[in-house]
Amino acid sequence: MHMKNTITPEESTRLLRGRLAGARGKLTPSDAAAATGLPLDSVQEALESLMNTYICRLQVTESGEILYDFGTSLRRRGEKSF
């Protein structure tokens, strides 16, 4: 029997935000899916949501996967720095 995934995009984003600290702010979509147990499409959606809210740099790993780098602490877009 298959259970339907009932996690909301907001819950996916919150779950992924919590995993960023343990990953030092850097995750590939497959690493994020493995760490959270979320399906890859939910991870992609959550990463896009986080990118819209927080400063993020995209990099490419040696294997060609996209690496999302949010830095050591999440900084909101448009936040004034001191």
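Here, the structure is the one placed above.
Residues numbered from 1 in each chain as written. Predicted model: local features only at pLDDT ≥ 70, side-chain atom pairs only at ≥ 80, totals over all residues. Heavy atoms only, no water.

*Asks:* Provide a residue-level description of the overall build of the protein, including the pertinent values.
*Replies:* Each helix and strand counted, the protein has three helices and three strands in total. Element order for the protein, N to C, with α for helix and β for strand: α-β-α-α-β-β. In terms of overall dimensions, the protein has C-alpha extents of about 55 × 30 × 20 Å along its principal axes. The buried share of the protein, reckoned over its 82 residues, is 28%. (Helix = DSSP H or I, 4+ residues; strand = E, 2+ residues; numbered from the N terminus. Buried < 20%, exposed > 50% of the residue type's maximum accessible area, 1.4 Å probe, protein only.)

*Asks:* Tell me what's going on with the packing of helix α1 (residues 9-20) against helix α3 (residues 40-53), and back it up with residues and numbers.
*Replies:* Their axes nearest at 9 Å, the elements α1 and α3 cross at an angle of 75°. Considered as vectors, α1 and α3 are oriented roughly perpendicular to each other. Of the residues in α3, those in contact with Pro9, Ser12, Thr13, Leu16, Arg17 and Leu20 of α1 are Ser42, Val43, Glu45, Ala46, Leu47, Ser49 and Leu50. Grouping the constituent residues of the contact of α1 with α3 by class yields seven nonpolar, four polar and two charged. (Axes fitted to C-alpha atoms, helices over the stretch in contact; angles between N-to-C directions. Parallel < 35°, antiparallel > 145°, perpendicular 65-115°, else oblique. Contact = heavy atoms within 4.5 Å. Nonpolar A, V, L, I, M, F, W, Y, C, P; charged D, E, K, R; others polar.)

*Asks:* Please give an account of the nonpolar core that cites residues and values.
*Replies:* Formed by 14 residues in total, the largest nonpolar core has its most connected members in Leu16, Val43, Leu47, Leu50 and Phe70. Elements supplying a minimum of two residues to this core: α1, α2 (29-36) and α3. At four residues, the largest contribution of residues to this core is made by α3. Sequence-distant contacts of Val43, defined by excluding residues within four places in its chain, comprise Leu16, Pro29, Ala32, Ala33, Thr36 and Leu38. (Core = buried A, V, L, I, M, F, W, Y, C linked by side-chain atoms within 4.5 Å.)

*Asks:* How would you explain the pairing of strand β2 (residues 57-60) if you had to name every residue and give the values?
*Replies:* Pairing analysis gives four bridges linking β2 to strand β3 (residues 66-69), with the strands arranged antiparallel. Each bridged residue has a counterpart across the sheet, and for Leu58 the counterpart in β3 is Tyr68. From the end of β2 to the start of β3, which pair antiparallel, there are five residues, and Gly64 there has a positive phi angle of about 90°. (Pairing = 2+ DSSP bridges.)

*Asks:* For the sheet that holds strand β1 (residues 26-27), give the residues involved together with the corresponding values.
*Replies:* The sheet built from three strands is open, its strands ordered β1-β3-β2 with antiparallel pairing. Two strands in the sheet have a free side with no partner beyond their single neighbour: β1 and β2. In this sheet, β3 lies alongside β1 in antiparallel orientation, the contact comprising two bridges. Its bridge partner being in β3, Leu27 is matched across the sheet by Tyr68.

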